[in-house]
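Structural overview for review
Here are the chains, one letter per residue:
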Amino acid sequence: MKLQKNISLQPFNTFGVDVKAHQYINVTNEVELLEVLKQFYTSELFILGGGSNMLLTQDITKTVLHINLKGISIISEDENRVLVKAAAGENWHDFVMYCLQHNYGGLENLSLIPGHVGTSPIQNIGAYGVELKDVMSYCEAVNRQTLATKTFYTKDCGFGYRDSVFKTKFKDDYIITAVVFELTTSNHQLHIDYGAIQHELTAQNKVSPSIQDVADAVVAIRKSKLPDPKEIGNSGSFFKNPIVKTSVLESIQDEYPDVPYYKICKDSVKIPAGWLIENTGLKGFRKGDAGIHTKQALVLVNYGDASGNEIKDIAELVKKEVKKKFDIVLYTEVNIF
Ligand SMILES: Cc1cc2nc3c(=O)[nH]c(=O)nc-3n(C[C@H](O)[C@H](O)[C@H](O)COP(=O)(O)OP(=O)(O)OC[C@H]3O[C@@H](n4cnc5c(N)ncnc54)[C@H](O)[C@@H]3O)c2cc1C
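Residues numbered from 1 in each chain as written. Predicted model: local features only at pLDDT ≥ 70, side-chain atom pairs only at ≥ 80, totals over all residues. Heavy atoms only, no water.

1. Some points on the sheet that holds strand β13 (residues 233-237)
Inclusion rule: Whether two strands pair depends on DSSP finding at least two bridges between them. A helix here means a DSSP run of H or I that spans at least four residues, while a strand means a run of E at least two residues long, and both kinds are numbered starting from the N terminus. Between two residues, a contact is recorded if the distance between any of their heavy atoms is within 4.5 Å. Note on geometry: axes are C-alpha line fits, over the in-contact stretch for helices, and angles between N-to-C directions span 0 to 180 degrees.
Here four strands make up an open sheet; going across it, the order is β13-β19-β18-β17 and the pairing antiparallel. The strands lining the two open edges of the sheet, one partner per strand, are β13 and β17 (286-287). In the sheet, β17 pairs with strand β18 (residues 290-292) via two bridges, with the strands oriented antiparallel. Bridge assignment links K287 to a residue of β18, and that residue is A290. This element, helix α7 (residues 308-326), spans β17, β18 and β19 (299-302) of the sheet and lies at about 35° to β18.

As structure tokens, then:
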């Protein structure tokens, strides 16, 4: 276990914000992880995964603990199902590709999401009609105070829209060390009705698509819509899509009859935050190097040297304008530190 001092976190966050970690420790196995947890109180550590769901607005004075545990293993496999375990520090997209190479189905719609496997349960990552809760069997986590290992089955995780117990009841209590997925080995269930997947498959002439075809379609759509963090710093969707009462939707429909929405239950709907932001006229707004992406209003960007606070100011502006125009409060999906 090597403790480094005063290192830049710029390479470790997808916004590419240049803040410093006063102290930094990289752990690559559970023995090292437990050693660190024995030495530091919970309040002294800042946990870092792939850095793709955080906006850093200041130097981190806590010790940054970079979770880079590695390893993929098969727990059981038969002609229908496989249980695959991936350590927390595995790169999410690489793991999805590993599963596809082995003809394990279930993760294809979640292709190209940045970040680490271990972080995926925290906000129940989701895309194109599939969420982590649909494919996770259980995850393993270490209690940061007692150092005991606990298994969280899907039913224990309180999964919701970009939400779980790891963000609420057990916030900062656990470090997830591994996630176990239950995937198909035959008769794969494809989810191709969501968004533009079917359209993309048709364009590629895929009449009976395979799981790899679905993944390819998802990757193509995402590449055409979302900026690549390697080129323009960003953290994906900055805000959650707000869930509002049907009456709020109806009042918006008076002025915008075509407002898109998804029915959640009898009296509430989800409205795309990107649509709301676009209709405040802020899409493409830029101040210095911080801005709102020109093609995707839900994505805040760092064009180069923006500070975390400059990006945070843009987020505040977005929230203010959406509230003013639609009387809807936006909540961030990204963690701001
Ligand atoms: C271009 C782009 C597209 C994206 N698209 C999507 C999308 O389609 N769907 C979606 O759901 N998300 C999306 N995201 C958001 C992001 O990729 C996910 O939220 C991802 O799961 C974050 O993982 P990470 O390892 O980078 O987390 P980090 O940013 O490193 O950490 C996030 C939080 O988890 C904590 N944490 C990290 N590791 C652990 C651990 N092992 N145990 C406990 N706590 C931990 C951190 O302290 C922090 O609070 C996108 C992001 C980008 C940049």
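2. A look at the packing of aromatic side chains
Filter applied, for reference: Two rings belonging to Phe, Tyr or Trp (six-membered ring only in the last case) form a pair when the distance between their centres is within 6.5 Å. Interplanar angles under 30 degrees mark stacking, angles over 60 mark edge-to-face geometry, and anything in between is tilted. For a ring to carry a charge above it, either NZ of a lysine or CZ of an arginine must fall within 6 Å of the ring centroid while also lying within 35 degrees of the normal to the ring plane.
Counted by the stated rule, this structure contains 17 aromatic pairs. Relative to F337, the ring of F46 has its centre 4.8 Å away and its plane inclined at 75°; by these criteria the two rings are edge-to-face. One end of the pair, F46, is in strand β3 (residues 45-48); the other, F337, is in the segment after β20 (335-336), with 291 residues separating them in the sequence. One aromatic cluster in this structure is built from W92, F95, Y98 and F181. The lysine or arginine in question, K150, covers the ring of F152, its NZ or CZ lying 5.0 Å from the ring centre. Positioned over the ring face of Y161 is K270, at 3.7 Å from the centre of the ring.

3. Remarks on the sheet that holds strand β15 (residues 262-265)
In space, the three strands of this open sheet follow the order β14-β16-β15, with antiparallel pairing throughout. Looking at the sheet topology across the chains shown, the edges are occupied by β14 (243-245) and β15. Across the sheet, the mean angle separating the axes of adjacent strands is 35° when strand polarity is ignored. Sheet analysis places β15 next to strand β16 (residues 268-270), joined by three bridges and oriented antiparallel.

4. Some details on the environment of F159
Using the following cut-off: With a 1.4 Å probe rolled over the protein chains alone, any residue whose accessible area is under 20% of its type maximum counts as buried; one over 50% counts as exposed, and the rest are partly exposed.
Mapped onto the fold, F159 is located in the loop between β11 (149-153) and β12 (174-184). By relative accessible area, which is 16% here, F159 ends up buried. Expressed as a C-alpha distance, the spacing of F159 and L132, which sit 27 residues apart in the sequence, is 8.9 Å. Apart from residues lying up to four places away in sequence, F159 is in contact with P121, N124, L132, K133, M136, T154 and S164.

5. Some details on the site of the ligand
Going by this rule: Distances are taken per atom, and a residue is near a molecule or strand as soon as one of its heavy atoms is within 4 Å of it. Whenever two N or O atoms come within 3.5 Å, that pair is a polar contact, provided that in protein one can donate a hydrogen and the other can accept it, and provided that, for residues adjacent in sequence, both atoms are side-chain atoms. Only the protein chains shown count as covering a residue, and every accessible area follows the Shrake-Rupley method with a 1.4 Å probe. Polar here means any residue outside two lists: the nonpolar Ala, Val, Leu, Ile, Met, Phe, Trp, Tyr, Cys and Pro, and the charged Asp, Glu, Lys and Arg; Gly therefore counts as polar.
In the vicinity of the ligand there are 31 residues, among which I47, G50, S52, T119 and Q123 approach most closely. With respect to the ligand, the backbone of N53 contributes an N or O atom lying 2.8 Å from an oxygen atom. Against a free-state accessible area of 990 Å², the protein chains account for coverage of 92% of the ligand. Mapped onto the shell around the ligand, the elements with two or more residues apiece are β3, β8 (126-127), β12 and β13. In terms of residue class, the shell around the ligand is built from 13 nonpolar, 15 polar and three charged.

6. Concerning the pattern of salt bridges
Which entries qualify depends on this criterion: Within this document, salt bridges are pairs made up of a side-chain nitrogen of Lys or Arg and a carboxyl oxygen of Asp or Glu, the two lying within 4 Å of each other.
Scanning the entire structure with this criterion turns up eleven salt bridges. With its nearest N and O atoms 3.1 Å apart, the salt bridge here joins E140 to K85. On the criterion of sequence distance, the pair formed by E140 in strand β10 (residues 136-143) and K85 in strand β7 (residues 81-87) is long-range, its members being 55 residues apart. According to the relative accessible area criterion, E140 is buried, its value standing at 15%. Residue K85 is classed as partly exposed on the basis of its relative accessible area, which comes to 23%. In this structure, K206 and D213 form a salt bridge, with 3.6 Å as the shortest nitrogen-oxygen distance.

7. Here's the deal with the side chain of T63
When you line up the elements, T63 lands in strand β5 (residues 60-67). The buried category is assigned to T63, whose relative accessible area is 3%. A polar contact of 3.1 Å, which involves the side chain of T63, links it to the side chain of Q23. The residues touching T63, leaving out its near neighbours within four places in the chain, are Q23, I25, F40, E44, L45 and F46.

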